[in-house]
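Breakdown of the fold
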Protein chains: 2
Amino acid sequence: MKRLPTGLLPSIALEDSGPIYQQLADWFRRAIAEGRLRPGQRVPSTRALAGELGVSRLPVLSAYELLHAEGYLESFTGAGTCVAAAIPHEAPTRRLPRASTASATPAPRPVAARVAAMASPPQTWLKSQGAFRVGVPALDHFPHAVWSRLLSRHARHVGSEALIYGDTSGHAPLREAIVEYLATVRAVHADTDQLMITSGAQHGLQICAHALLDPGDRAWVEEPGYPGAHQALAAVGAVPVLVPVDADGMDVAAGVRRAPTARLAYVTPSHQFPLGATMSAARRIELLQWAARAGSWIVEDDYDSEYRYGGRPITALQGLDTDARVIYVGTFSKVLFPALRLGYLVVPKDLLPAFRAARDALDTCSPMLPQRALHDFIREGHFARHIRRMRMLYAARRAALQAAIRQHLPDTLHVVGAEAGMQLTARLAPGVDDIALSRRATQAGVSVRPLSPCYRGETRCSGVILGYGNVDEDAIDEGVRRLRGCL
Amino acid sequence: MKRLPTGLLPSIALEDSGPIYQQLADWFRRAIAEGRLRPGQRVPSTRALAGELGVSRLPVLSAYELLHAEGYLESFTGAGTCVAAAIPHEAPTRRLPRASTASATPAPRPVAARVAAMASPPQTWLKSQGAFRVGVPALDHFPHAVWSRLLSRHARHVGSEALIYGDTSGHAPLREAIVEYLATVRAVHADTDQLMITSGAQHGLQICAHALLDPGDRAWVEEPGYPGAHQALAAVGAVPVLVPVDADGMDVAAGVRRAPTARLAYVTPSHQFPLGATMSAARRIELLQWAARAGSWIVEDDYDSEYRYGGRPITALQGLDTDARVIYVGTFSKVLFPALRLGYLVVPKDLLPAFRAARDALDTCSPMLPQRALHDFIREGHFARHIRRMRMLYAARRAALQAAIRQHLPDTLHVVGAEAGMQLTARLAPGVDDIALSRRATQAGVSVRPLSPCYRGETRCSGVILGYGNVDEDAIDEGVRRLRGCL
């Protein structure tokens with residue numbers, strides 16, 4: 001192999017930061033990887049390089065030693081030190097960064113085709129933290145001192161079973177506590193082994209999608225509906241079938257007409273997102289009957305049913321289900337706080353192996369410490385107490401928001417579905433651009449989530465989704481007045 | 001609609017637990033959903049039902065009121081109370097649980113076809129917590145008091161930005177601290193915005209798979225290799241291409257022969273899992289050149305490179321990559337503890353939108369509190385100090401394990417790749433059933449991970465993977481002697 005003269009060594013620029021031997025080794029590795037130094041090419045002696053760079057010989061010796069050990073350099077008696085002959089060589093133009101003027105056509109940089117469908121719609125409303133940020137509970141009313149104490153208790157006294165990879169389904173005592181809570185409050189029928197702790201509702205939807213759906217499978221989704229459900233379907237390459245909703249919730253007959261053999265139906269029966277309807281008893285039974293007949297699954301997303309202020313009382317679809325077709329999705333993001341990232345699934349028994357496999361493949365298990373703290377939080381009564389307090393607080397805030405809308409925007413905002421949760425939806429007159437409104441509102445310091453991105457089909461209604469969970473009553477009135485200024 | 005006589009009402013069995021009105025409402029809902037009570041069917045008067053059940057009339061009134069409000073019952077003057085006519089009716093046999101003697105063919109209960117491939121191989125070795133459980137660090141040497149203090153600090157003093165949904169990429173100050181650490185220790189070149197916090201390495205692999213691979217896409221995996229990589233590929237329906245490894249790591253030329261246009265290559269260049277080889281400089285450059293030529297991606301899983309005891313020193317493949325083809329996967333499971341569920345990805349800049357979309361679709365973001373605590377843990381020097389201490393501890397445990405093997409099983413276990421990490425792999429004579437050995441070892445209180453399930457092709461070598469991270473020196477000798485008893 002031709003030994004190139006060392007004079008061709010490209011110039012090395014040393015920086016002030018970082019050890020010199022590391023900078024040198026780094027420079028040589030990259031020059032070799034980029035093909036700027038070729039296999040067999042002789043490199044300067046340590047003495048010559050040190051002289052050229054004006055540094056002591058010691059770092060150069062260290063760098064060469066490292067590069068020898070790593071296999072980038074080799075030495076031959078009489079030939080000095082060379083780039084290892086085993087290094088494969090390609091013309092350096094291909095190795096240059098793409099931003100350079102290299103003439104060769106750059107190789108493609110493909111990402112998954114379904115990435116666009118996985119992305120959430122533009123979220124301008126997230127740029128403001130103020131009124132009426134959606135999905136945020138009353139953070140300053142959370143009992144932080146209690147929570148901190150429970151965390152410390154478990155962080156200090158740790159057995160090894162709390163530190164290693166946990167059960168894929170989660171901390172068993174916590175699962176038991178949640179099952180009891182669901183049985184009492186939501187009439188959900190389940191054994192502890194059917195409950196799987198997740199890292200939030202979106203994560204729960206993904207476990208469902210991965211366990212149940214293959215690419216190309218069709219799934220009913222509410223139209224308008226929760227964008228996260230579309231994102232979950234897109235992640236597994238499933239195809240959403242848009243099923244309209246009305247005042248009784250998802251129009252099951254329309255779903256049957258559009259896709260009678262869909263593999264799955266995603267519904268929010270307690271409090272339809274975003275229009276707020278409660279699914280009627282007749283529709284619930286119709287949906288269960290379809291699933292049992294078609295051999296399909298129902299994913300019941302019960303994202304905020306802890307807070308209910310009137311209208312039809314409801315129990316979970318899961319409790320009505322006698323053919324074990326319903327997977328129930330819950331979250332603690334609304335009752336505790338979103339950054340906790342804890343939720344749960346209630347899974348039919350025969351689906352447990354599939355759900356455990358999907359969960360294990362996705363991310364193994366959820367962190368243990370918050371599960372242990374949450375267990376105590378529930379068992380020591382803080383959970384029930386917090387829900388009771390928040391229900392009163394949110395009822396007052398909801399009333400304040402409705403009053404402010406009546407006062408300041410009576411003919412502009414038409415409130416629908418305000419019976420539950422921590423948000424209400426209001427329709428705007430057709431033709432009002434709710435995305436532009438949301439953008440203007442953000443500039444005015446108001447967070448207004450537009451309704452139209454919740455539609456995926458041709459017909460899109462204009463409206464706003466207003467969260468009142470983390471907004472005190474004074475700020476509610478001020479927020480509605482600011483919103484009026486944006487209209 | 002025919003009004004059925006109320007005498008046909010099936011018997012109601014009240015239980016001692018739970019309010020009577022809830023039990024009654026629950027019974028009626030299910031009886032209606034199952035078709036045992038038909039639309040239009042008259043139900044007993046509250047007085048008659050209370051008398052029949054021997055309870056006060058009050059809970060019966062409450063139950064009926066609830067069922068009216070929910071839409072299950074309706075009343076007509078002169079006709080009494082009936083099951084709502086709007087409820088859809090199907091023959092009750094279809095509604096019975098599948099386990100019953102119903103003659104109708106039960107509807108199918110399909111799960112995703114790829115669930116089998118998503119499942120991990122049987123993990124008998126997880127049933128013992130003792131020596132030589134793989135993947136567990138020295139839990140009793142972790143500074144729990146420090147960690148607990150840092151958690152408490154952030155749990156008590158919380159601003160709202162620490163409680164709401166966080167940045168999809170994670171807590172910015174933590175990302176900055178990790179980028180600095182990686183630059184110094186692993187020669188990884190990245191800006192802070194290229195670093196994404198994950199919920200562990202498996203989760204990181206899944207984000208890669210979802211952002212980069214479509215169903216049917218082919219991906220190189222090491223053979224033998226890390227089962228989690230196969231699980232991640234299966235989750236997105238990608239097809240693994242088995243590429244053999246030798247003492248220099250993945251045989252890139254073999255990969256090029258088998259699948260020259262594979263979309264991705266998954267490698268563990270620092271410490272091949274499970275055989276322990278370090279990928280040579282020549283192979284590294286060959287792999288980078290292939291990826292740049294073929295327009296493919298490289299996922300570099302650097303799962304335990306913090307601990308290295310000799311042999312070739314190495315820097316990350318990512319730092320050599322001049323065409324931005326490498327996604328670097330790291331985890332804190334080995335340095336801190338697995339139940340923490342925190343890791344990270346270093347992502348080429350142009351891939352960030354795809355990775356953010358995949359992450360948002362999968363589970364939104366990681367919990368905030370541990371990220372804040374980990375930031376302080378790194379910045380206050382605990383992280384570097386813990387790594388230094390553990391490196392010395394593990395080096396001693398590794399030496400003890402090698403000595404015990406030399407003493408007790410010199411001709412049976414042939415150690416390979418013990419230069420890094422917290423585990424070593426030893427080959428067994430061909431024909432030894434390592435899965436059966438693992439099962440026997442578990443019964444003897446020893447956790448021994450079999451090697452053969454790491455192979456997915458025809459040829460499978462027999463061996464054991466022995467973790468020494470959480471095993472003190474006395475237990476190491478005892479464990480090897482017990483393992484000898486199982487052979």
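Residues numbered from 1 in each chain as written. Chains lettered and ligands numbered in written order. Predicted model: local features only at pLDDT ≥ 70, side-chain atom pairs only at ≥ 80, totals over all residues. Heavy atoms only, no water.

**Observations regarding the overall build of chain A**
Helices and strands together make up the secondary structure of chain A, namely 16 helices and 14 strands. C-alpha atoms of chain A, sized along the principal axes, occupy 90 × 55 × 50 Å. Here chain A holds 487 residues, and 61% of them are scored as buried. When contacts within chain A are restricted to residue pairs at least 6 apart in sequence, long-range pairs at least 24 apart make up 72% of them. In the structure as shown, chain A presents an accessible area of about 17,600 Å², 53% of it carried by carbon and sulfur atoms. Distance between charge centres in chain A, computed from 54 positive and 46 negative side chains, equals 4 Å. (Helix = DSSP H or I, 4+ residues; strand = E, 2+ residues; numbered from the N terminus. Buried < 20%, exposed > 50% of the residue type's maximum accessible area, 1.4 Å probe, protein only. Contact = heavy atoms within 4.5 Å. Areas by Shrake-Rupley, 256 points an atom, 1.4 Å probe, with all protein chains shown as cover. Lys, Arg positive; Asp, Glu negative; His and termini not counted. Charge placed at Lys NZ, Arg CZ, Asp CG, Glu CD.)

**Things to note about the side chain of A:Gln272**
All names here are of chain A. Within the element layout of this structure, Gln272 appears in the loop between β7 (264–267) and α10 (281–294). Looking at Gln272, its side chain comes within polar contact range of the side chain of Glu222, at 3.2 Å. Side-chain polar atoms of Gln272 contact the backbone nitrogen of Leu275, separated by 3.0 Å. Ignoring any residue separated from it by four or fewer positions in sequence, one finds Gln272 in contact with Glu222, Pro224, Gly225, Val245, Ala277 and Tyr303. (Polar contact = N/O pair within 3.5 Å; in protein donor to acceptor, adjacent residues only side chain to side chain.)

**Structural notes on the pattern of salt bridges**
The final tally for this structure, using the stated rule, is 41 salt bridges over all chains. Between A:Arg36 and A:Glu34 there is a salt bridge; the shortest N-O distance is 2.7 Å. For A:Arg36, a relative accessible area of 33% translates into the label partly exposed. The closest approach of N and O atoms between B:Arg481 and B:Asp477, which form a salt bridge, is 3.1 Å. Of this pair, B:Arg481 and B:Asp477 both sit in helix α16 (residues 473–486), 4 residues apart, roughly one helical turn. Judged by its relative accessible area of 25%, B:Asp477 is partly exposed. (Salt bridge = Lys/Arg side-chain N within 4 Å of Asp/Glu carboxyl O.)

**With respect to the pairing of strand β4 (residues 218–223) of chain B**
Within a regular strand, side chains alternate between the sheet's two faces. Residues and elements named next belong to chain B. Burial of β4 is extensive: 5 of the 6 residues sit out of reach of the surface. Pairing of β4 with strand β5 (residues 239–246), which is carried by 6 bridges, proceeds in the parallel orientation. Considered in β5, the bridge of Trp220 is made with Val241. In terms of handedness, the path from β4 via helix α8 (residues 227–235) over to β5 forms a crossover that is right-handed. Pairing geometry for β4 and strand β7 (residues 264–267), over 3 bridges, is parallel. (Pairing = 2+ DSSP bridges. Right-handed = clockwise from strand over helix to strand, strands pointing away.)

**Here's the deal with the nonpolar core**
Core analysis: the biggest nonpolar cluster contains 139 residues, and A:Trp147, A:Leu336, A:Leu466, B:Trp147, B:Leu336 and B:Leu466 have the highest contact counts within it. Per-element accounting of this core gives the leading share, 9 residues, to helix α14 (residues 382–408) of chain A. Ignoring anything within four residues of it in the chain, the contact list for B:Leu336 reads B:Pro137, B:Phe142, B:Trp147, B:Leu374, B:Phe377 and B:Phe383. Grouped together as the second largest cluster of nonpolar side chains are 74 residues, A:Tyr266, B:Ala229, B:Ala235 and B:Leu264 included. (Core = buried A, V, L, I, M, F, W, Y, C linked by side-chain atoms within 4.5 Å.)

**Looking at a positive patch on the surface**
On the surface, A:Arg385, A:Arg388, A:Arg389 and A:Arg391 cluster together into a patch of positive charge. Along the chain, A:Arg389 turns up in helix α14. (Patch = residues over 30% accessible without salt bridge, like charges linked within 9 Å, V, L, I, M, F, W, Y side chains within 5 Å.)

**Things to note about the interface of chain B and chain A**
Counting residues at the interface gives 114 residues for chain B, matched by 114 residues for chain A. In this assembly, chain B packs against chain A so that about 9,500 Å² is buried in total across both faces, 56% of it on carbon and sulfur atoms. Our count for the chain B to chain A interface comes out at 4 salt bridges. The shortest N-O distance in the salt bridge between B:Arg109 and A:Asp350 comes to 2.3 Å. One can count 51 residue pairs in polar contact (both at pLDDT 80 or more) joining chain B with chain A. The biggest single contributor to the side of chain B that touches chain A is helix α10 (residues 281–294) of chain B, with 9 residues. When its residues are assigned to classes, the side of chain B that touches chain A shows 61 nonpolar, 26 polar and 27 charged. (Buried area = accessible area lost by both parts, 1.4 Å probe. Nonpolar A, V, L, I, M, F, W, Y, C, P; charged D, E, K, R; others polar.)

**Some thoughts on the domain arrangement of chain A**
Interface size is commonly expressed as the accessible surface area that is lost when the partners come together. Splitting chain A by domain gives domain 1 (1–94), domain 2 (124–133 + 385–486) and domain 3 (156–380). Averaged C-alpha coordinates put domain 1 of chain A and domain 3 of chain A at centres separated by 58 Å. (Domains from an automatic or database assignment.)

**Side note on the pairing of strand β1 (residues 73–76) of chain B**
Residue and element names in this part refer to chain B. Examined bridge by bridge, β1 and strand β2 (residues 80–83) share 4 bridges and lie antiparallel to one another. Residue pairing for β2: Glu74 is matched across the bridge by Cys82. Between β1 and the antiparallel strand that follows it, β2, lie 3 residues; Gly78 among them carries a positive phi value of about 90°.

**With respect to the packing of helix α7 (residues 201–212) of chain A against helix α8 (residues 227–235) of chain A**
For any two helices packed against each other, the geometry is given by the interaxial angle and the distance between the axes. Residue and element names in this part refer to chain A. The geometry of α7 relative to α8 is characterised by a closest axis approach of 9 Å and an angle of 35° between their N-to-C directions. Taken as a pair, α7 and α8 cross one another with a handedness that is right-handed. Counting all contacts with α7, which are made through Gln202, Leu205, Gln206 and Ala209, the residues of α8 involved are Gly228, Ala229, Gln231, Ala232 and Ala235. (Axes fitted to C-alpha atoms, helices over the stretch in contact; angles between N-to-C directions. Left-handed = near helix turned anticlockwise from the far one by under 90°.)

**Details of empty space enclosed by the protein**
Applying the stated criterion across every chain, the model contains 15 cavities of 30 Å³ or more. For the largest cavity, the calculated volume is near 370 Å³. Contributing to the lining of the largest cavity are 33 residues, with A:Leu369, A:Pro370, B:Leu151, B:Leu369 and B:Pro370 lying nearest its centre. At the level of secondary structure, the elements contributing two or more residues to the lining of the largest cavity comprise α5 (144–156) and α13 (368–379) of chain A together with α5 (144–156) and α13 (368–379) of chain B. Along the lines of polarity and charge, the residues of the lining of the largest cavity split into 27 nonpolar, 4 polar and 2 charged. (1 Å grid on protein atoms, 1.4 Å probe; cavity = no way out; pocket = protein on both sides within 12 Å on 5 of 7 lines; lining within 4 Å. Points joined across faces, edges and corners; volume = space filled by probe spheres on them.)

**Focus on the environment of A:Gly421**
Residue and element names in this part refer to chain A. Here Gly421 lies in the loop between β11 (414–416) and β12 (423–427). A sequence separation of 24 residues divides Gly421 from Gly445, and the C-alpha atoms of the two residues are 23 Å apart. Not counting the four nearest positions on each side in its chain, Gly421 is found in contact with His271, Asp304, Tyr307, Tyr309 and Tyr468.

**With respect to α7(A)**
Residues and elements named next belong to chain A. In a regular helix each residue adds 1.5 Å, so 12 residues correspond to 16 Å; α7 covers 16 Å between its end C-alpha atoms and thus fits that length. For α7, the tally of buried residues reaches 12 of 12 residues, placing the bulk of the element in the interior. Along α7, the positions that sit buried rather than exposed are Ala201, Gln202, His203, Gly204, Leu205, Gln206, Ile207, Cys208, Ala209, His210, Ala211 and Leu212. (Expected span 1.5 Å × (residues − 1).)

**Details of the relation of the copies chain B and chain A**
When chain B is fitted onto chain A, the two copies agree to an RMSD of 0.0 Å after a turn of 180° and an axial shift of 0.0 Å. Here the transformation between the copies is reduced to the relation of a two-fold axis. Same-surface contact between copies: 100% of interface residues of chain B are shared with the interface of chain A. (Least-squares fit on C-alpha atoms with pLDDT ≥ 70 in both.)

**Looking at the sheet that holds strand β13 (residues 449–450) of chain A**
Across a sheet, paired strands are connected by hydrogen bonds in the backbone, their directions being either parallel or antiparallel. Residues and elements named next belong to chain A. Read from one edge of the open sheet, 4 strands run β11-β12-β14-β13, paired in antiparallel fashion. Two strands bound the open sheet, and with one partner strand each, they are β11 and β13. In terms of strand pairing, β13 meets strand β14 (residues 463–467) through 2 bridges, oriented antiparallel. From the neighbouring strand, Pro450 faces β14, where its bridge partner is Val464. Docked against the sheet, α14 engages β11, β12 and β14, running at close to 20° with respect to β12.

**Topic: α13(B)**
The first and last C-alpha atoms of α13(B) sit 17 Å apart over 12 residues, in line with the 16 Å expected at 1.5 Å per residue. Burial runs high along α13(B): 11 of the 12 residues are buried. All of the buried residues along α13(B) are B:Met368, B:Leu369, B:Pro370, B:Gln371, B:Arg372, B:Ala373, B:Leu374, B:His375, B:Asp376, B:Phe377 and B:Ile378. Of the surrounding secondary structure, the elements contacted by the buried residues of α13(B) are α5 of chain A together with α5, α6 (172–186), β3 (195–198) and α14 (382–408) of chain B. Remark: B:Gly381 follows α13(B) within two positions and exhibits a positive phi of approximately 90°.

**Description of unusual backbone geometry**
Along the chain, A:Glu223 connects to A:Pro224 via a cis peptide bond; the corresponding omega equals 0°. Tracing the sequence through the fold places A:Pro224 in the loop between β4 (218–223) and α8. Here the residue pair B:Phe273 and B:Pro274 is connected by a cis peptide bond, since its omega of 5° sits within 30 degrees of zero. Considering the arrangement of structural elements, one finds B:Pro274 in the loop between β7 and α10.

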